[in-house]
Amino acid sequence: MRLTALIFDLDGVIADTSDLHFQSWLQVTPEYGLLVDHALNDRLRSRSRRASLEIILAENGRELSESVCEDLMARKNQVYLQLLQGMDASALLPGVVPLIEEASAAGLRLAVGSASRNAEAVLRRTGIRDRFDLVVDGNRDLPSKPAPDLFLEVARQLATLPDRCLVIEDADVGIRAAQAAGMWSVGVGPVEQTGQAHVRFDSLEHVTLADVLAALAEAA
Ligand code: BG6
Ligand code: MG
């Protein structure tokens, strides 16, 4: 296996933002009688803002007009942006910086492939934007995960083949996107969310590039 690029999902892989997204939804959904709990929040990992709202509505057996949906998403994002003001490097998940440094030293290209429209803000607040060659995020308005488009766009911009890219994801929907793109996948987190990946780790803490490559070679 010859890799040229590592593509990191952002939320839940690089930065611990899942609870901030959860808190933001909790600020705006109760007025419409919509319930969001931890289990439902986990199903929103890697889903675009709109897809997240659609899942929340479906789960609650509700429909809302397009203008109410737009308003809800805008206000959810305002809350999220406020919460981001308090974010710093302490939000970086364990092991991610050492892995980035190691991959960079090994000559791999580094990219972020995220559904979020706030990816640049999160990367800057956590101080690691400059470590990445490329960020492809929700502002590109590409079909959202599990569609492969976001990851394929990374490969296209890095002028590399999909099977030379390794995606690191914390969500089932992101792993499916990586596999649909014909890329290698590493799952980070519980088996229920990441069990479909080529290889899986509970977290990236103490996981070296050699560990990842050895596990992939075994899975290949
Ligand atoms: C993903 C998160 O990375 O981005 C989701 O895992 C979130 O929880 C999605 O809904 C969209 O994020 P944003 O920042 O554009 O609302
Ligand atoms: Mg994620």
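Relevant structure appears above.
Summarised in this report is the structure supplied together with it.

Conventions adopted
- Residues numbered from 1 in each chain as written.
- Chains lettered and ligands numbered in written order.
- Predicted model: local features only at pLDDT ≥ 70, side-chain atom pairs only at ≥ 80, totals over all residues.
- Heavy atoms only, no water.
- Buried < 20%, exposed > 50% of the residue type's maximum accessible area, 1.4 Å probe, protein only.
- Helix = DSSP H or I, 4+ residues; strand = E, 2+ residues; numbered from the N terminus.
- Arc of directions from axis to C-beta.
- Contact = heavy atoms within 4.5 Å.
- Donors = N, O, S within 2.8 Å, 3.2 Å for Na, K, Ca; no water.
- Salt bridge = Lys/Arg side-chain N within 4 Å of Asp/Glu carboxyl O.

**Some remarks on helix α5 (residues 96-105)**
Moving on, step 1. Those residues of α5 that sit buried are Val96, Leu99, Ile100 and Ala103. All buried residues of α5 fall inside an arc of 100° around its axis, so they share one side.
Moving on, step 2. Along its buried surface, α5 packs onto β1 (5-8), β2 (109-113), β4 (165-169) and α10 (209-219).
Moving on, step 3. The positive-phi residue at the C-terminal boundary of α5 is glycine 107, with phi of around 90°.

**Here we look at the coordination of the magnesium ion (ligand 2)**
Moving on, step 1. Donor atoms from the polypeptide that coordinate the magnesium ion (ligand 2) comprise Asp9 (OD), Asp11 (O) and Asp170 (OD), at 2.0 to 2.2 Å from the metal.
Moving on, step 2. Positions of the donor residues of the magnesium ion (ligand 2) along the chain correspond to the pattern D-x1-D-x158-D. With aspartate 9 in the loop between β1 and α1 (18-28) and aspartate 170 in the loop between β4 and α8 (172-180), this residue pair connects regions lying 161 residues apart in the sequence. Across the pair, exposure class does not vary: aspartate 9 and aspartate 170 are buried alike.

**Describing the pattern of salt bridges**
Moving on, step 1. Scanning all chains against the criterion turns up 18 salt bridges.
Moving on, step 2. Between glutamate 120 and arginine 124 there is a salt bridge, and its shortest N-O distance comes to 3.7 Å. Taken as a pair, glutamate 120 and arginine 124 lie in helix α6 (residues 119-125) at a separation of four residues, close to a single helical turn.
Moving on, step 3. The class for glutamate 120 is partly exposed, based on a relative accessible area of 27%.

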